Amino acid sequence: MDLTSPKTIREIQSRFGFTFKKGLGQNFLTSRDVLVKIADAAEIDGGVIEIGPGFGVLTRELCERAEKVVAVELDERLIEVLGFTLADCPNVKIIRADAMKIDFKALIAEEFAGMNVSVAANLPYYITTPIITRLIEDRLDVKNIVVMVQKEVADRLCAKAGTKDYGAISVLCQYFTKPEIAAIVPSDLFVPRPKVDSAVVKMRVLEDASVKTKDEKLFFRIVKAAFSQRRKTLLNCLSSAFPIEKDELARLMENAGISPRRRGETLNLNEFALLSDTILKRLGRE
Ligand code: SAM
C-alpha cells in the first residue's frame, strides 16, 4: 500500500469517512524521499517511538527498519484506519494517547526493555515546541529525536547566539542534544498543504550536557529570565528575576566576563554556564 500517493489517501478517506482536522495538525506527508530521510536520520537500531502516525505513512517505513515501533496517536478515528493500513506490519503497536500527557519514560521501560530507542515524528504543528520541550526535558533514554517541524521552529532549535532565531528553546535543545537540519520540506509535499514549509531536525541526544554547570535548575532559570524581555539588557532581565541588588549583579556579571550591557540573546551556552556558576556562589549554595 503506497500511503504517499494522494490517490490512496483519498481512497482511505472515503473508505473510513475520514476528514482532516486542522486543529490536530493533520498534514500528511506524500514524499517517499522525505520518509527515507527521517528514518535514516533516526539511525534505527532497535525500537522507535513515533508521535502522530496519521494514516501510517512514516510508520510503515519505520516498521521496515525497526525491531519494534510504538506509535502514539491522539485521534480516536485513526485507530481503525491504522488497523487497516498497518495490517501487514507485525512489529507495530498503536497507543491511543496524548503525546503531551503520556509517560514516555514508562513507555520505554515497558515496551523497549534492552533496546536502543529513537524517536521519529512528523509532529502536529500546533504543539511542536511543547512536545520537543517535553521530549528533551524528560531526559529520555533515546539515541536520536528526529522530528519534522515548521521551518522556523527548526531554525530556532539550531540557532546560534546573537542571531534573531536564538532563544530559550535553542539553549535547551543545544544543552541536551546536538541538533541539525536534515532536510527542508516544501509545503506542497503534504496533504492538505500547510501554509509554511517544514524541516526535518535531527537531535542527537548527548550523553553529557554540552556545557558543564554546577546547578542545572539555576542555569535554566537564568536562561528563562534572559529571554523574558528581549528588548532589555541582561542586567535588567536578571534583576527582575533574582533578589540581588543591581550594582552587585553587574559586578557578578563582570566577574563572569560578561558585560552587564549585553542582551541575553548574545550569550552562548558557555557564557550562560559561567554566569550561572557565578550567581550560584553568591546565592551561597556552594
Ligand atoms: N505521521 C503522519 C504523516 O507523516 O503523514 C501524520 C503526521 S500529522 C502532521 C500529525 C499527527 O499527529 C496526526 O495524525 C494527528 O492526529 C496526531 N496528533 C495531533 N495531536 C496529537 C497529540 N497531542 N498526541 C499524539 N498525536 C497527535
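Residues numbered from 1 in each chain as written. Predicted model: local features only at pLDDT ≥ 70, side-chain atom pairs only at ≥ 80, totals over all residues. Heavy atoms only, no water.

Burial in helix H2 (residues 32–41) covers these residues: Val-34, Leu-35, Ile-38, Ala-39 and Ala-41. Taken down its axis, H2 places every buried residue within 165° of arc, on the same side. Check the buried side of H2 and you find it contacts strand S1 (28–29), helix H3 (57–65), strand S5 (116–122), strand S6 (144–150), strand S7 (177–185) and strand S9 (198–205). (Buried < 20%, exposed > 50% of the residue type's maximum accessible area, 1.4 Å probe, protein only. Helix = DSSP H or I, 4+ residues; strand = E, 2+ residues; numbered from the N terminus. Arc of directions from axis to C-beta. Contact = heavy atoms within 4.5 Å.)

Taking burial as the measure, the 8 residues of S9 include 6 buried ones, the bulk of the element. Pairing analysis gives 7 bridges linking S6 to S9, with the strands arranged antiparallel. For Ile-145, the partnering residue across the bridge sits in S9 and is Met-203. (Pairing = 2+ DSSP bridges.)

As a further point, take the pattern of salt bridges. Counted under the stated rule, the structure contains 16 salt bridges. We note a salt bridge from Asp-138 to Arg-134, for which the minimum N-O separation is 3.7 Å. Ionic contacts of the salt-bridge type, sharing partners, join the residues Arg-32, Asp-40, Glu-61 and Arg-65 into one network. (Salt bridge = Lys/Arg side-chain N within 4 Å of Asp/Glu carboxyl O.)

A cis amide bond, omega -15°, links Val-191 with the succeeding residue Pro-192. A positive phi angle, close to 45°, is found at Glu-43, a residue other than glycine. By the element assignment, Glu-43 lies in the loop between H2 and strand S2 (46–51). What makes Glu-43 partly exposed here is its relative accessible area of 37%.

This part covers the side chain of Gln-13. By the element assignment, Gln-13 lies in helix H1 (residues 6–16). When near neighbours in sequence (up to four residues on either side) are disregarded, Gln-13 contacts Phe-18, Thr-19, Phe-20 and Phe-55.

Close contacts around the ligand come from 24 residues, with Leu-29, Gly-52, Glu-73, Asp-98 and Tyr-126 the closest. Within the backbone of Leu-74, one N or O atom sits 3.3 Å away from a nitrogen atom of the ligand. Within the side chain of Asn-122, an N or O atom sits 2.9 Å from an oxygen atom of the ligand. About the coverage of the ligand: the protein hides 99% of its 590 Å² of free accessible area. Under a 2 Å grid-point criterion requiring more than half of the atoms, the pocket assigned to the ligand is the largest cavity. Elements represented by at least two residues in the shell around the ligand include exactly S1 and strand S3 (68–73). (Near = heavy atom within 4 Å. Polar contact = N/O pair within 3.5 Å; in protein donor to acceptor, adjacent residues only side chain to side chain. Areas by Shrake-Rupley, 256 points an atom, 1.4 Å probe, with all protein chains shown as cover. 1 Å grid on protein atoms, 1.4 Å probe; cavity = no way out; pocket = protein on both sides within 12 Å on 5 of 7 lines; lining within 4 Å. Sits in = over half its atoms within 2 Å of the grid points.)

This part is about the domain arrangement of the protein. Along its sequence, the protein is carved into domain 1 (6–205) and domain 2 (216–283). Here domain 1 and domain 2 have C-alpha centroids that lie 35 Å from each other. The interface of domain 1 with domain 2 comprises 13 residues on the first partner and 12 residues on the second. For the domain 1 face of the interface with domain 2, the top three residues by lost area are Tyr-166, Val-171 and Tyr-175, together amounting to 53%. Our count for the domain 1 to domain 2 interface comes out at 1 salt bridge. The interface formed by domain 1 and domain 2 contains 4 residue pairs in polar contact (both at pLDDT 80 or more). Among the residues making up the side of domain 1 that touches domain 2, the classes are represented as 7 nonpolar, 4 polar and 2 charged. (Domains from an automatic or database assignment. Buried area = accessible area lost by both parts, 1.4 Å probe. Nonpolar A, V, L, I, M, F, W, Y, C, P; charged D, E, K, R; others polar.)

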